[in-house]
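One letter stands for each residue in the lines below.
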Amino acid sequence: MRHATPSLALLTIAFTISTQNIRAQNPPASTQPPAQTEPQSQPRSPGGDVGSGAGDIGKGTAKGTGKAAEGVGKGAGDLVTLHPVGAAENVGKGAGEAGKDVGVGAAKGTGKIAKGTGRGIGKIFHHGHHDDTTPPPANPQN
């Protein structure tokens, strides 16, 4: 029991010193919470619509290409294992899914591009024609 008391005392002293260091390093938090402002979402610009539409077309094409490659790969595997009917089915399925994905991407993208283009053209024709109610400046006569 002689050794338990000095170890316990040392452990208590070490704990006290470490907690004081932690308090010194971490100042108390302020009572006022920081003001949080929520970012307001801006409507997408016409150029953003066109860019997003082009991205949709690219995503649809890439997804379709992946499906076509998957179908061809499975079909090639079926041909190697002497399953020609399965090969034809897989290639046909891959082509069908590829066509669907490309079509969906093209439709979505074209719609967004048309929307953005229409809004862009609308800005050109509609933003310079505000009804100005102030009278024109008077021309001084010489």
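Look up a bit, the structure's there.
These figures come from a predicted structure and were not determined experimentally.

## Details of the side chain of Asp-101
Within the secondary structure layout, Asp-101 lies in helix 3 (residues 84-126). With a relative accessible area of 7%, Asp-101 lands in the buried category. What Asp-101 contacts, discounting residues up to four positions off in sequence, is Gly-60, Lys-63, Gly-64 and Lys-67.

## Considerations on helix 3
When the terminal C-alpha atoms of helix 3 are compared, their 62 Å separation across 43 residues agrees well with the 63 Å that a helix rising 1.5 Å per residue should span. Listing the buried residues of helix 3 in full gives Gly-86, Ala-87, Asn-90, Gly-94, Ala-98, Asp-101, Gly-105, Gly-109 and Gly-116. Buried residues along helix 3 sit against helix 2 (46-80).

## A word on unusual backbone geometry
Where the residue is not glycine, phi is negative for most of them; where a peptide bond is considered, it is trans in most cases. Positive phi is not limited to glycine here, since Leu-82 has a value of about 60°. When you line up the elements, Leu-82 lands in the loop between helix 2 and helix 3.

## With respect to the pattern of salt bridges
By the definition in use, this model includes 7 salt bridges. Of the charged contacts, one joins Arg-44 and Asp-49 as a salt bridge, the two residues approaching to 3.8 Å between their closest N and O atoms. The partner of Asp-56 in a salt bridge is Lys-59, with the nearest N and O atoms 3.4 Å apart. Taken together, the residues Asp-56 and Lys-59, both in helix 2 and 3 residues apart, mark about one turn of the helix. A network of salt bridges, in which partner residues are shared, links Arg-44, Asp-49 and Arg-119.

## A look at the environment of Ser-52
Relative to the assigned elements, Ser-52 resides in helix 2. Once the C-alpha coordinates of Ser-52 and Gly-109 are considered, the two residues, 57 residues apart in sequence, prove to be 7.2 Å apart. Those residues in contact with Ser-52 that lie beyond four places of it in its chain are Arg-44 and Lys-112. Among the polar contacts made by the side chain of Ser-52, one reaches the side chain of Arg-44 at a distance of 3.3 Å.

Criteria and thresholds
- Residues numbered from 1 in each chain as written.
- Predicted model: local features only at pLDDT ≥ 70, side-chain atom pairs only at ≥ 80, totals over all residues.
- Heavy atoms only, no water.
- Helix = DSSP H or I, 4+ residues; strand = E, 2+ residues; numbered from the N terminus.
- Buried < 20%, exposed > 50% of the residue type's maximum accessible area, 1.4 Å probe, protein only.
- Contact = heavy atoms within 4.5 Å.
- Expected span 1.5 Å × (residues − 1).
- Salt bridge = Lys/Arg side-chain N within 4 Å of Asp/Glu carboxyl O.
- Polar contact = N/O pair within 3.5 Å; in protein donor to acceptor, adjacent residues only side chain to side chain.

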